[in-house]
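Chains, contacts and geometry: an overview
The residues making up each chain are set out below.
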Amino acid sequence: MAFENLTKRLQDAMGKLRRKGKVSENDVKEMMREIRLALLEADVALPVVKEFTKAVRERAVGVEVLENLNPAQQIVKIVDEELTKTLGGETVGLNKSEKIPTIIMMSGLQGAGKTTFAGKLANKLIKEENARPLLIAADVYRPAAIDQLKTLGKQLDVPVFDMGTDTSPVEIVRNGLLLAREKKNDYVLIDTAGRLHIDETLMNELKDIKALANPDEILLVVDAMTGQDAVNVAASFNEALGITGVIITKLDGDTRGGAALSIRQVTGAPIKFTGTGEKLTDLEVFHPDRMSGRILGMGDMLTLIEKAQQDFDEKKAEEMAQKMRENTFDFNDFMEQLDQMNNMGPIEDLLKMIPGMSSMPGIDQVKVDPKDMARKRAMVLSMTPEERENPELLNPSRRRRIAAGSGNSVVEVNKMIKNFNEAKKMMSLMSKGEMNKIPGMDQL
Ligand code: GDP
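Residues numbered from 1 in each chain as written. Predicted model: local features only at pLDDT ≥ 70, side-chain atom pairs only at ≥ 80, totals over all residues.

**A few points about the overall build of the protein chain**
Applied cut-off: Runs of H or I in DSSP of at least four residues are treated as helices and runs of E of at least two as strands, each being numbered from the N terminus. Three classes are used. A residue is buried when 20 or more other C-beta atoms lie within 10 Å of its own, exposed when 12 or fewer do, and partly exposed in between, with C-beta atoms placed from the backbone. We call two residues in contact if the C-beta atoms placed from their backbones are at most 7 Å apart.
Looking only at helices and strands, one finds 19 helices and 8 strands in the protein chain. For the protein chain, the residues scored as buried account for 38% of the 444 residues in total. Excluding contacts between residues fewer than 6 apart, the proportion of contacts in the protein chain whose partners are at least 24 apart in sequence is 73%.

This is the structure in structure tokens:
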């Protein structure tokens, strides 16, 4: 998960003030030195670090115990507010045109995630607005890019306009727009070519497309993993094209996160979305305040709730709750839950969105091994339908068969069944509101 190290360093820096009744100038100086180092180490651009630390320092000196907040809490509040400001302050949505189609042009280096993002955005617009987008494949240098877009189009049932690789991108866009107007598509998403590095020809081509299409949105797609370089790339694209928004992709990776923190300040263009995985649904609206909370380890409950709403089928959730109440939760339900958990992404990332969790001792050790999930799945798949519905049928000989069938040892099968039974018992108690009967609960 991005920002892991930064979060820890910032928390350490601010945590030192925790027991102080009053914060001296020296305390603030010391803390700011650590925050500055932490940001630089996370690859945040130097001018951005300077501006940020100056703003925090000015507000933090002389902080005293006020109302309900102790000095450390007040400093966290100041850092949070300034970080939110650095990230852009307000959430900014897509620019939309008054009349159709709204034209959105993607730009960015090769491999940044433009094509993937075009697919994700189309998916979002269809789901949320019942939109009818048209995708235009204007990357004529990589035939694979056109195929990739076509595959996405098929998956989403969205038309993809292309003219192969022998026509100029401007010509393709011109024809694509004509088609969109004729078919009354409400959005046009133009996927453009990228290069490995900024070059003159590429920039001129993008400028020509811009001049022709007059897009409502020129989005720059930036790979968060590229660190400091992302900022230079963003500045060049902005200079040439005047970008209207930024998409930061691959925030699911182990990135230090500096790009996300610098780009708004450097380009002046708002970050609109972040990419958090390779799947079409791995797209998040960028909210500066929530991102700041996440970076500071204060969690992001709102995004967690939205994710749950997006990924969970409400009807199924209600069915599941009913089963828990009636204690009829079986291995079919268990497998469905495993699949839903898989859809939501790594559990350890989700846990960190819960306020306070990221600073819990041992949270870094929480890792749900995808292999372990796959193993459990294989065991359930090796059961007969009757066994899945009636776990009490699972006698030793059946367990031996399941072990052999799924390539596991009997010990592992026994352990999985034991876990299942414990979880089932706990869910039943919880759903009946008898939390106090859960072992250990009375000691919390
Ligand atoms: P393009 O050259 O800019 O069009 O980049 P692509 O859309 O082809 O993406 C390049 C690679 O990055 C592909 O393997 C994508 O699956 C991957 N990718 C794109 N966005 C994300 C993201 O948010 N997270 C992760 N982990 N991978 C991504």
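**A word on the site of the ligand**
We count it as follows: We count a residue as near a molecule or strand when its backbone-placed C-beta atom lies within 6 Å of that partner. Residue polarity is assigned by list, with Asp, Glu, Lys and Arg as charged and Ala, Val, Leu, Ile, Met, Phe, Trp, Tyr, Cys and Pro as nonpolar; anything else, Gly included, falls into the polar class.
Among the 20 residues in the neighbourhood of the ligand, the closest are listed as G113, K114, T115, T116 and G275. Along the lines of polarity and charge, the residues of the shell around the ligand split into 2 nonpolar, 13 polar and 5 charged.

**So, helix 2 (residues 25-41)**
How we decide: Given the number of residues in a helix, its expected span is that number minus one, multiplied by 1.5 Å. In this context, the arc is that of the directions from the helix axis out to the C-beta atoms.
Here helix 2 is 17 residues long and its end C-alpha atoms lie 24 Å apart, about the 24 Å a rise of 1.5 Å per residue gives. Residues of helix 2 that are buried include every one of V28, M31, M32, I35, A38 and L39, and no others. Buried residues of helix 2 fall within an arc of 125 degrees about the axis and therefore sit on the same side. Exposed residues lying more than 90 degrees from the buried face of helix 2 are N26, K29 and R33. For helix 2, the secondary structure elements touched by its buried residues are helix 1 (4-15) and helix 3 (46-60). Once helix 2 finishes, D43 follows within two positions and takes phi at roughly 75 degrees, a positive value.

**Comments concerning helix 1**
With 12 residues, helix 1 extends 16 Å between its outermost C-alpha atoms, agreeing within 8% with the 16 Å of an ideal straight helix rising 1.5 Å per residue. Turning to helix 1, its buried residues are L6, T7, L10, A13 and M14. An end-on view of helix 1 places all buried positions within 135 degrees of arc, on one side of the element. Residues of helix 1 that are buried in the fold lie against helix 2, helix 4 (71-86) and helix 11 (288-295).

**Remarks on the UniProt feature "domain: SRP54-type proteins GTP-binding" (unreviewed entry) in the protein chain**
Counted only if it meets this: UniProt positions are given in the numbering used here, feature names are shortened, and annotations may be inferred rather than shown by experiment.
What UniProt calls "domain: SRP54-type proteins GTP-binding" (unreviewed entry) maps, in this numbering, to residues 270-283. What you have in residues 270-283 is 0% helix and 43% strand, and the ends, taken at the C-alpha atoms, are 16 Å apart.

**Here's the deal with the nonpolar core**
So the rule is basically this: What makes a nonpolar core is a set of buried Ala, Val, Leu, Ile, Met, Phe, Trp, Tyr and Cys residues, with links drawn between C-beta atoms within 7 Å. Where each domain begins and ends follows an automated or database-derived domain assignment.
If you look at the biggest cluster of nonpolar residues, it comprises 92 residues, and the most contacted ones within it are L135, I136, V188, L189, I190, V222 and V246. Examining the composition of this core, we find that 6 residues originate from one element, helix 2, more than from any other. Shared between two domains, this core takes at least three residues from each, and those domains are domain 1 (4-86) and domain 2 (102-298). The next biggest cluster of nonpolar side chains, apart from the first, holds 8 residues, and it includes F334, M379, V380 and M416.

**Thoughts on the sheet that holds strand 1 (residues 102-107)**
The condition is simple: Any two strands with at least two DSSP-identified bridges between them are counted as paired. Axis lines are fitted through C-alpha atoms, for helices just across the contact stretch, and the angle between N-to-C directions can take any value from 0 to 180 degrees.
On the basis of which strands lie adjacent, the open sheet formed by 8 strands has the order 3-2-4-1-5-6-7-8 and mixed pairing. Because the sheet does not close on itself, it has two edges, and the strands there are strand 3 (160-161) and strand 8 (283-285). Looking at chain direction, strand 7 (residues 271-275) and strand 8 are connected through 3 bridges and run antiparallel. Residue F273 lies in a different strand from strand 8, and its bridge partner there is V285. Each of strand 2 (133-138), strand 3 and strand 4 (187-192) is contacted by helix 6 (residues 143-156), which is oriented at about 165 degrees to strand 2, the strand it contacts most. Relative to strand 5 (residues 217-223), helix 9 (residues 228-241) is tilted by about 165 degrees, and along the sheet it contacts strand 1, strand 5 and strand 6 (245-249).

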